[in-house]
Amino acid sequence: MKKVNTILIANRGEIASRVIRACKKMGITCVAVYSDADSNALFVKQADLAIHIGGSEPVKSYLDQDKIIAAAKRSGADAIHPGYGFLSENASFVKRCHDEGIIFIGPKSEAIEAMGSKSRAKELMKKSGVPIVPGYNGKDQSDATLKAEALKIGFPLLLKATAGGGGKGMRIVHEEKDILSAINSAKREAKNAFGDDELLIEKYIESGRHIEFQIFGDQHGNVIHLLERECTIQRRYQKVIEESPSPIMTSALRAKMGEAAVLAAKALNYDNAGTVEFIFDDKTERFYFLEVNTRLQVEHPVTEAITGLDLVQMQIESAQGLPLKIEQDDVKGNGYAIEARLYAEDASNNFAPVTGKVHKFEFPDIDGLRVESAIESGSEISMFYDPMIAKIIVKDSNREAAHRKLEYMLQNLVCQGTITNQAFLQTLLRHNNFRDGKYNTHFIDEHINISEINNLPEGVAEELAIAATLFGWHQREMSRKTLKSLPSGWRNSFYEYQKETFFIDEKKVTVKYRHLHKNFTFLIDEQEFEASIIDVSSNAIRLNINGLQQDYAIKCIGNNYFIHTAAIGNVQIIKEDRFPVKEKEKIPGGYESPMPSQVVKIHVSAGDKIKENDPLIVISSMKMETTIEADEDGVVEEIYVEEGTNVEAGFLLLKINKN
Ligand code: ADP
């Protein structure tokens, strides 16, 4: 057995914090590495030691093997925990660690390599007797062969990039006439994303559920599974909510699927933590192998909640050569757990990632609640990384009780400063089909009306305008240095109204108000409100509005007011400037960056003739690439950025002259 004294964490954000916690619990020194963008990050402060390893782009830091190995040597680390993403499933990095005499906390490189290609993985599983989705995963990639195989499989079918991940390069094909163009576009996307355009074809399971099994192996040939996680609630093939036990699970099905998961792990001679993913066909009730993730999963806390195990501790022990302390029969699920992923993204803008500062991040202290977060109040969400803010995990004795608790948590979570998917998550949880466990992977597309998520209920705009007006009034009152005896907004007569205008939910709301001491009368669209201030602090105000007393968490940054109550959620309203600066004029033919991002590819040069819909520039923000296309035919006049330039939202990228 090799003893581990110091672990370097080759990752960032919440997973780095999670590993740090396990290290501390085990008395192991933990070393963080960080990029420029993360120099103030929470995980950096939590680690025993933190080493700066380079620029904010992942290739300059978290993906740079040389820098990570050098940091490990400098800090005397005898092991590296890769977290998930970045280098966690990179077989060459595992070998490199081995050559350098550093323990890699994860499976052997052979297992990672074997699962790196979806085709080879399917081959191996088929040989081992694990059920796989019927389809074609041969070497012959000619259009003619792919088309012939597609016709044999029948429609609908799914094209997948064999080197794929994250849902990239996947195409559903419903009809024969679309097959060739789908093959070509899937190949192109696969080549761009993975440098490899090999495809496989599968029968498309129309009503499927994603059910995965946590597996765990040691270096002595023992492998067990740690029950299932249901991850069917997805958007663009990405998980949004994970739960365990699965609402459809029976003990007979669990035994069968668990056995297949262990069989898959044994075929790989697997050690350490991993996940075997299956797709379950609702109609036939058959299940098929999808892939093995050879790392710790984002959603591992769900399994920890119901099994009572500490998976990171088990990973560290196993990497040192210790045998598993438990056997299959010892694994018992207790209660029910659910995880929701809170992201900085804008549901109303096609879930585009959002950057910026989170001014306040606070949540209620509830029994059975676990929050794994990358941030604290004041943290910046950077454009360089995944926009996940936190994972919220709730455990209770049964599904209904845990759902109620998660809903309560989401109602009371104060996350002010950036737009998040909080209201989207609440909408999902409230849906009857979700509550009843009746859903498949299309649930979000088919049942959630995205356009309605952020709509404010009747009467709320008025309430927000009153809260912001009174908070602003009180702030001015406090900062008044002179004429202390005159109340702010003082007029000769009580009967003279003052006015404020706010932009709320794309509407303009004008309030008129007057006051006597701390009793205010508001007039909004002829409607009268009586309000008074009960208590105020720097980031909250307690008000009585028409006899209803409650707290409003408020943060005011310039003209922006971020307001939260449990009933309303987190909203941002904007006060109209009394002396507005003229709005920036749009430059004719100008293309601006829609969000803070990095220019990753420029498809055109000055002087090029272009046609409508031609790709111009590809920008990347938080792992998501967006191609900016031409709105009309024309000639490129000038390009103001280079590949690699970081730009703010609204930055002029290039100009096109109409012909
Ligand atoms: P990736 O590695 O890109 O995540 P996966 O093979 O794990 O790709 O599939 C991702 C998701 O796509 C699954 O969770 C499931 O929702 C869907 N999916 C994959 N294969 C099929 C299939 N044959 N039929 C229907 N849906 C599928």
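For the structure, see preceding data.
Since the model is a prediction, treat every value here as computed from it, not as a measurement.

**A word on the overall build of the protein**
Here is step 1 of the chain: If you tally the helices and strands in the protein, you get 16 helices and 39 strands.
Here is step 2 of the chain: Against the compact-globule benchmark of 26 Å for 659 residues, the protein has a radius of gyration of 28 Å, which places it among compact chains.
Here is step 3 of the chain: Once the C-alpha set of the protein is aligned to its principal axes, its extents read approximately 90 × 65 × 55 Å.
Here is step 4 of the chain: Of all 659 residues assigned to the protein, the portion counted as buried reaches 54%.
Here is step 5 of the chain: Restricting the contact set of the protein to residue pairs at least 6 apart, pairs at least 24 apart contribute 62%.

**Re the site of the ligand**
Here is step 1 of the chain: Lining the immediate environment of the ligand, one finds 20 residues, of which Lys118, Gly167, His210, Gln234 and Glu291 sit closest.
Here is step 2 of the chain: Within the backbone of Gly167, one N or O atom sits 2.5 Å away from an oxygen atom of the ligand.
Here is step 3 of the chain: Contacts to the ligand include His210, whose side-chain N or O atom sits 2.7 Å from an oxygen atom.
Here is step 4 of the chain: Burial of the ligand by the surrounding chains reaches 96%, relative to a free accessible area of 550 Å².
Here is step 5 of the chain: Those elements that place two or more of their residues in the shell around the ligand are strand S7 (157-161), strand S9 (199-203), strand S13 (272-281) and strand S14 (287-293).
Here is step 6 of the chain: Partitioning the shell around the ligand into residue classes produces eight nonpolar, six polar and six charged.

**What to know about the packing of helix H7 (residues 143-153) against helix H8 (residues 179-194)**
Here is step 1 of the chain: One can describe the packing of H7 onto H8 by two numbers: an axis separation of 10 Å at closest approach and a directional angle of 120 degrees. With respect to each other, H7 and H8 are oriented oblique. As H7 runs across H8, the sense of the crossing is right-handed. Contacts from Asp143, Leu146, Lys147 and Ala150 of H7 reach H8 at Ile179, Leu180, Ile183, Asn184 and Lys187.
Here is step 2 of the chain: Considered class by class, the residues forming the contact of H7 with H8 number five nonpolar, one polar and three charged.

What counts as what
- Residues numbered from 1 in each chain as written.
- Predicted model: local features only at pLDDT ≥ 70, side-chain atom pairs only at ≥ 80, totals over all residues.
- Heavy atoms only, no water.
- Helix = DSSP H or I, 4+ residues; strand = E, 2+ residues; numbered from the N terminus.
- Rg over C-alpha atoms; globule rule 2.2 N^0.38 Å.
- Buried < 20%, exposed > 50% of the residue type's maximum accessible area, 1.4 Å probe, protein only.
- Contact = heavy atoms within 4.5 Å.
- Near = heavy atom within 4 Å.
- Polar contact = N/O pair within 3.5 Å; in protein donor to acceptor, adjacent residues only side chain to side chain.
- Areas by Shrake-Rupley, 256 points an atom, 1.4 Å probe, with all protein chains shown as cover.
- Nonpolar A, V, L, I, M, F, W, Y, C, P; charged D, E, K, R; others polar.
- Axes fitted to C-alpha atoms, helices over the stretch in contact; angles between N-to-C directions.
- Parallel < 35°, antiparallel > 145°, perpendicular 65-115°, else oblique.
- Left-handed = near helix turned anticlockwise from the far one by under 90°.

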